[in-house]
Amino acid sequence: MATVYLPVEATIPGMTSAERAEAIDREVWRLRRPLSVQSPNDITQFYYPRITHPTTGQVAIVGDTEENVRIHPDVDLTDLLALLPEVPQEEKDGLVLYIDANRGGTVPFGQLIPSTSTQLTQVEAEALGWFPDPIEP
Amino acid sequence: MPDISELNGTAIDNVAEFDGVAVPAAVSAPAAAYSVRLLGSGVGISSYTGPAMRVRRDTAGGTGDDDEADIAFDSGVISLDSAISNASAGVTATTLGEFINVGTVGGTTYSNPDSLSGTASCFVDEWKDQSGNANDASQATFGSQPQIHSGTVNTDLITENGEPTLDFDGSNDFFRSIAVASATANTIATVLKADSTLGGLQKVFARPNSTAGQLRLSGAQYSFDDYELSPITTTRASVTTAAAQDLLFGYVTNTNKTVRLGKNGGTFDVGTTLTKDLQIIGTAETDAKLGSKRDGSAEYFNGNIQEFVLWTTDHSASRSAIESDINGFFSIF
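Residues numbered from 1 in each chain as written. Chains lettered and ligands numbered in written order. Predicted model: local features only at pLDDT ≥ 70, side-chain atom pairs only at ≥ 80, totals over all residues. Heavy atoms only, no water.

So, on to the confidence of the model for chain A. Residues of chain A with pLDDT of at least 70 account for 96%, and the chain-wide mean is 94. Of all secondary-structure elements in chain A, the lowest mean pLDDT belongs to strand β2 (residues 50-52) of chain A, at 93, while helix α1 (residues 17-32) of chain A reaches the highest, 98. (pLDDT = per-residue confidence, 0-100. Helix = DSSP H or I, 4+ residues; strand = E, 2+ residues; numbered from the N terminus.)

What follows is about the interface of chain B and chain A. Listed per partner, the contact involves 31 residues of chain B and 19 residues of chain A. Between chain B and chain A the total buried area reaches about 2000 Å² when both faces are included, carbon and sulfur atoms providing 45% of it. When the buried surface of chain B facing chain A is broken down by residue, D66, A140 and F142 of chain B rank first, second and third, together holding 28% of it. Our count for the contact surface shared by chain B and chain A stands at 5 salt bridges. Notably, a salt bridge pairs D67 of chain B with R33 of chain A, separated by 3.2 Å at the nearest N-O pair. If you tally residues by element for the side of chain B that touches chain A, the top one is strand β6 (residues 53-58) of chain B, at 3 residues. (Contact = heavy atoms within 4.5 Å. Buried area = accessible area lost by both parts, 1.4 Å probe. Salt bridge = Lys/Arg side-chain N within 4 Å of Asp/Glu carboxyl O.)

A few words now on the sheet that holds β2 of chain A. Residue and element names in this part refer to chain A. Strand order in the open sheet formed by 3 strands is β1-β3-β2, and the pairing between neighbours is antiparallel. Here the strands that pair on one side only, and so sit at the sheet edges, are β1 (3-8) and β2. For this sheet, the mean inter-axis angle between neighbouring strands, taken without regard to orientation, is 30 degrees. As paired elements, β2 and strand β3 (residues 59-64) share 3 bridges and run antiparallel to each other. (Pairing = 2+ DSSP bridges. Axes fitted to C-alpha atoms, helices over the stretch in contact; angles between N-to-C directions.)

Further remarks concern the pairing of strand β11 (residues 121-127) of chain B. Residue and element names in this part refer to chain B. Counted residue by residue, β11 has 7 buried out of 7 residues, so it is predominantly covered. Relative to β11, β6 is paired through 6 bridges, and the arrangement is antiparallel. For R54, the partnering residue across the bridge sits in β11 and is E126. When β11 meets strand β13 (residues 147-149), the two strands line up antiparallel, connected through 2 bridges. Residue pairing across strands places C122 opposite H149, the latter belonging to β13. Note that β11 and strand β12 (residues 137-138) share 2 bridges and pair antiparallel. Bridging across to β12, W127 finds its partner in A137. (Buried < 20%, exposed > 50% of the residue type's maximum accessible area, 1.4 Å probe, protein only.)

Residues and elements named next belong to chain B. In terms of domains, chain B is made up of domain 1 (32-49 + 175-330) and domain 2 (53-127 + 140-169). Between domain 1 and domain 2, the C-alpha centre-to-centre distance is 28 Å. At the interface, 21 residues of domain 1 touch 19 residues of domain 2. Of the roughly 1700 Å² buried where domain 1 meets domain 2, counting both sides, 61% is carbon and sulfur surface. For the domain 1 face of the interface with domain 2, the top three residues by lost area are V36, F175 and I305, together amounting to 34%. The tally of links between domain 1 and domain 2 comes to 0 salt bridges. There are 13 residue pairs in polar contact (both at pLDDT 80 or more) connecting domain 1 and domain 2. Mapped by element, the contributors of at least two residues to the side of domain 1 that touches domain 2 are β5 (32-35), β27 (302-311) and α2 (319-330). The biggest single contributor to the side of domain 1 that touches domain 2 is β27, with 6 residues. (Domains from an automatic or database assignment. Polar contact = N/O pair within 3.5 Å; in protein donor to acceptor, adjacent residues only side chain to side chain.)

Residues and elements named next belong to chain B. Of note, N264 is situated in the loop between β24 (258-263) and β25 (269-270). Within polar-contact distance, the side chain of N264 engages the side chain of D246 at 3.4 Å. When sequence neighbours within four positions are dropped, the list of residues in contact with N264 reads Q245, D246, L247, I332 and F333.

Looking at the secondary structure, you find E68 of chain B in strand β7 (residues 68-71). E68 of chain B sits 13 residues away from V55 of chain B along the chain, and the two C-alpha atoms are 5.4 Å apart. Only 2.9 Å separates the side chain of E68 of chain B from the side chain of T44 of chain A, close enough to count as a polar contact. Only 3.0 Å separates the side chain of E68 of chain B from the side chain of R54 of chain B, close enough to count as a polar contact.

Nonpolar side chains tend to gather and get buried jointly when the protein is soluble and globular. Residues and elements named next belong to chain B. Grouped together as the largest cluster of nonpolar side chains are 74 residues, with contacts concentrated most on M53, L96, I148 and Y222. Each of two domains, domain 1 (32-49 + 175-330) and domain 2 (53-127 + 140-169), supplies a minimum of three residues to this core. Apart from the residues lying within four places of it in its own chain, the contact partners of I148 are M53, V55, I71, L96, C122, V124, L157, I158, T165 and L166. (Core = buried A, V, L, I, M, F, W, Y, C linked by side-chain atoms within 4.5 Å.)

Residue and element names in this part refer to chain A. Locating L31 in the fold gives a position in helix α1. Note on L31: relative accessible area 3%, which makes it buried. As a C-alpha pair, L31 and E126 span 95 residues in sequence and 30 Å in three-dimensional space. Beyond its immediate sequence surroundings of up to four residues, L31 is in contact with V69, R70, I71, H72, V75, L77, L80 and L112.

Now for the packing of aromatic side chains. Residue and element names in this part refer to chain B. In this structure the tally under the stated criterion is 16 aromatic pairs over all chains. Ring plane angle 35 degrees and centroid distance 5.8 Å describe the contact between Y34 and W127, whose orientation is recorded as tilted. Residue Y34 is located in strand β5, and its partner W127 is located in strand β11; the two are separated by 93 residues in the primary sequence. Note on Y34: relative accessible area 0%, which makes it buried. (Phe/Tyr/Trp six-rings, centres within 6.5 Å; stacked < 30°, edge-to-face > 60°.)

All names here are of chain B. A cis amide bond links S230 with the next residue in sequence, P231, at an omega value of -5 degrees. Mapped onto the elements, P231 comes out in the loop between β21 (221-228) and β22 (233-240). At N264, a residue that is not glycine, the phi angle is positive and equals roughly 50 degrees. We note that S331 has phi near 50 degrees; this positive angle belongs to a residue other than glycine. Structurally, S331 can be placed in the segment after α2.

Written as structure tokens, this is what we have:
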């Protein structure tokens, strides 16, 4: 397991960091369980936990670069790509090809992280103040 | 003999003694109540008719992967015979055993109506609140959901002391969305078992507004605490555990300005008496956690939980009755 913290910027007009992080996380889950096969009663909606920076309010997705994400044969990347406007089109095209080639299989989550995304280790996240609570006695 | 509501003009709930025999205080309705068994008047619930929990099956990418269903109580407790309802599209299984294609358990062979390629492991994404307050504990992130079946063929649900349980992995499992009303007192009763007494700080129950006000495990010691402000000062009561199945009963009141915690009917440990208002007052919280620290980011409980009941009143007078009801089912001590 290789935990990675992915702070999400509020770069989409009308979306806070928290809203965008939630939307991206929801789309990562839909790689495995697309909306077309979900039930309206499904409780499960997200792939990874998220944490909120205590002072800035920014939200980070807590992923695992080594985790193999199942790719459903009916996966639809439209909404996920729309949430990544800063990612170069060439990179998006590559992601689509990669996912298409692995429908019904798995891909390491680390291969899905855009080059434009900040990636923090646990130590780096701690140094940047993502975990403020003191250790209790 | 008909039920009576008063005795010589005194409401039965206010009668403390009759002919020299102590009358247990009535158990009022809890604010939230989660269990693998169907709860009743012993913990203050008049009638609950809904499902026990909503679950998700994991077929490792095969047919039926991640489908969900509500599961009912079967003779008062969840089991492989529990009926399922409200399931995802395409699910034709009618019992939990069929839903996960468990095979043969206890002489019963469960069919495989959904044509799964193997036995599915099973996770809880919503633990239904039996209190009537719709205070369901939920977990929408798939990797953080406690488990009730290992996915091993011909194997019963995960159990503790013969009864089903929810296994929290200590890595990232927890529930959220539990609302705690403002109150001058809290009482908790829970049945749980830690996997080890060697771990670091873990949280069984945590309130979102502070690092205090929680039920926690550190080493071999469970603690229940609350706090006052300016500065934050904690009062904490503790009991030890041998990583065995335990029944914990704790309460905190602003009247006494302290907390108490007891294990398996034993003597209460009493926390320091504070002087200011405890923060059980005016701190209505809508996202308390079961199984992690206050923000769900760490200090995950590693063990299993079979029951957790929360009252926003002082129920210390009913301790014996509540523990008797719980122990009558789980046979802990």
